[in-house]
Each structure stands twice: as structure tokens, then as C-alpha cells.
Amino acid sequence: DAKTTQPPSMDCAEGRAANLPCNHSTISGNEYVYWYRQIHSQGPQYIIHGLKNNETNEMASLIITEDRKSSTLILPHATLRDTAVYYCIVRSDYKLSFGAGTTVTVRA
Amino acid sequence: EAQVTQNPRYLITVTGKKLTVTCSQNMNHEYMSWYRQDPGLGLRQIYYSMNVEVTDKGDVPEGYKVSRKEKRNFPLILESPSPNQTSLYFCASSLSMGHRNTIYFGEGSWLTVV
């Protein structure tokens, strides 16, 4: 799987959009970009995934650049409950390879 | 409700005493796997199963066994636990092995070996 690079931490104000960047410059054509989050030590929670096109669901939006070398996860209206570690994962096969992720702290 | 259920959620045991952590999913998923999470090392895959009676090693299989006799269950067996197996364990499942299929995780099992 291609390696991803994420900032170690970021803060966000409650009610504002949170934009989480991820670099995956070595991604290959058939690899998907997945986002998961982990709140405290709970099980990783699936957020969204995409291949080429931008994706949106009830939790977030995923913006993938045209060259696919980077992506941004957008939480449109962050709440305190969105405080978590967010993992950007490039996946080509059966497993997920988790990096260190970005610790996102939403402040009131 | 679709879910992956692990038991026990918390366990303290002694070195050498065999234990089993159960995992069950109600989504008719073919693919199941076990991860462990340790500070500074992130989540690492222990074993996985593509379907009933088909299992294979992940990245850190030493000291663990698994079985897949039924589609819904994938127990993790520690035949002779040691303190270095103290960790947070997650079971996960997916419709199939393909990377287009979302992997869902259980809530985790805290295991302490003294």
C-alpha cells in the first residue's frame, strides 16, 4: 500500500468546517483512499472512501485532487463529538494499514 | 443492527493460561480479521480469514491461533499468553476481501497478561 502523510494534530472550532489534509504521492491507479476515525480507544469507525471522484455522505466529504496525490477530508460542521484520531489510508488489498493519523481536537 | 461483537471487552489473565477472545458478525461477511493496537505501533493485523475454513497470517501472528468454522464467528486464541500480548484487540469484518469493500470494526477487547 502507498504511504500517507498526515499532520500529527490540528484544532478546530465547534460549528466550523474541519479540513483534514492527506498526502499520498505514491498512490497507484487501483488504490482507494479510505478515511477512518478512532474516538478514544473505541473501534475504528469508517467515514468515507473514494477512488478518483469526490465523495460525500452523511458524515463527511472527500476531495481527491485530479492527480490523486493528495486528498482532503471535510467535516462540514464539527462538533465536540468529532474529537478523535483520523486516519487516511491508501488501500490496494484486503487489509488496512494504519499510520499515526491526525489527532483532531474540536474546541467549544 | 449490523455489528461486530467481541467478548470479553476487558480481561486480566495470568501468563500461560489459555484464553479465547470471541468475535461474531451478523452481516454475512466473508472476510474477517484481527488487529492489535499498541502505543506507538498503531494497529497491526494478526490473522485474517477469507471465508469458512480459510485463514492466513497477518503481520504479527506469533503467539496467536484462529479458527473459522462458521461464517459469523472468528475466535482469537492465545494458547499460552505472555505479558507482551497485553494489548487492545479489534476484530473486523468485510463483505469480501476486495479493497472496494468497507471494513467494519468491533468495539475492542482490552487484554492484560500479568
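Residues numbered from 1 in each chain as written. Chains lettered and ligands numbered in written order. Predicted model: local features only at pLDDT ≥ 70, side-chain atom pairs only at ≥ 80, totals over all residues. Heavy atoms only, no water.

Q: Can you help me understand the interface of chain A and chain B in this one?
A: Interface extent is often summarised as the accessible area lost during association of the parts. Taken together, the contact pairs 19 residues of chain A with 20 residues of chain B. Of the roughly 1,700 Å² buried between chain A and chain B on both sides combined, carbon and sulfur atoms contribute 52%. Counting every contact that joins chain A to chain B gives zero salt bridges. Our count for the chain A to chain B interface comes out at six residue pairs in polar contact (both at pLDDT 80 or more). (Contact = heavy atoms within 4.5 Å. Buried area = accessible area lost by both parts, 1.4 Å probe. Salt bridge = Lys/Arg side-chain N within 4 Å of Asp/Glu carboxyl O. Polar contact = N/O pair within 3.5 Å; in protein donor to acceptor, adjacent residues only side chain to side chain.)

Q: Help me understand the state of the cysteines in this model?
A: Between two cysteines, a covalent bond joining their sulfur atoms is known as a disulfide. Taken as a whole and assessed by the stated rule, the structure comprises two disulfides over all chains. Put simply, Cys23 of chain B and Cys91 of chain B are joined by a disulfide, and their sulfur atoms are 1.8 Å apart. Its S-S torsion of approximately -75° makes the covalent link between Cys23 of chain B and Cys91 of chain B left-handed. Separated by 68 residues along the polypeptide, Cys23 of chain B in strand S3 (residues 19–25) and Cys91 of chain B in strand S9 (residues 87–94) bring together distant segments of the chain. Looking at Cys12 of chain A, it has no disulfide partner, and the nearest cysteine sulfur is the one in Cys22 of chain A, 18 Å off. (Disulfide = S-S within 2.5 Å. Helix = DSSP H or I, 4+ residues; strand = E, 2+ residues; numbered from the N terminus.)

Q: Sorry if this is basic, but what is going on with unusual backbone geometry here?
A: Negative phi is the rule for most residues except glycine; trans is the rule for most peptide bonds. Pro8 of chain B follows Asn7 of chain B through a cis peptide bond whose omega is 0°. The backbone of Arg68 of chain A sits at a positive phi, close to 65°, despite the residue not being glycine. Relative to the assigned elements, Arg68 of chain A resides in the loop between strand S6 (61–64) and strand S7 (70–75). For Arg68 of chain A, a relative accessible area of 8% gives the class buried. Positive phi is not limited to glycine here, since Asn28 of chain B has a value of about 60°. (Buried < 20%, exposed > 50% of the residue type's maximum accessible area, 1.4 Å probe, protein only.)

Q: Help me understand the packing of aromatic side chains in this model?
A: The description of two aromatic rings rests on the distance between their centres and on the angle between their planes. Within this structure, the stated rule accounts for 11 aromatic pairs over all chains. The interplanar angle of 85° and the centroid separation of 5.8 Å between the aromatic rings of Tyr36 of chain A and Phe105 of chain B together place this pair among those described as edge-to-face. Taken together, the residues span two chains, with Tyr36 of chain A in strand S3 (residues 32–38) and Phe105 of chain B in strand S10 (residues 104–105). Of the two residues, Tyr36 of chain A and Phe105 of chain B, both sit in the buried class. The interplanar angle of 40° and the centroid separation of 6.2 Å between the aromatic rings of Tyr31 of chain B and Tyr48 of chain B together place this pair among those described as tilted. Residue Tyr31 of chain B is found in strand S4 (residues 31–38), and its partner Tyr48 of chain B is found in strand S5 (residues 42–51); the two are separated by 17 residues along the sequence. Overall, Tyr31 of chain B belongs to the buried group, its relative accessible area being 0%. Classification of Tyr48 of chain B as buried rests on a relative accessible area of 8%. (Phe/Tyr/Trp six-rings, centres within 6.5 Å; stacked < 30°, edge-to-face > 60°.)

Q: Honestly, the sheet that holds strand S2 (residues 18–23) of chain A in this entry has me stumped. Any pointers?
A: Judged by pairing direction, the sheet is antiparallel, and its four strands sit side by side in the order S2-S7-S6-S5 (chain A) without closing on themselves. Here the strands that pair on one side only, and so sit at the sheet edges, are S2 and strand S5 (55–56) of chain A. (Pairing = 2+ DSSP bridges.)

Q: Would you mind going over the sheet that holds S3 of chain A with me for this structure?
A: Sheet strands pair via backbone hydrogen bonds, and the direction of the pair is either parallel or antiparallel. All names here are of chain A. The sheet built from five strands is open, its strands ordered S1-S9-S8-S3-S4 with mixed pairing. At either end of the open sheet lies a strand with only one pairing partner, and these are strand S1 (9–13) and strand S4 (45–50). Mean inter-strand twist for the sheet, computed between neighbouring axes without regard to direction, equals 25°. (Axes fitted to C-alpha atoms, helices over the stretch in contact; angles between N-to-C directions.)

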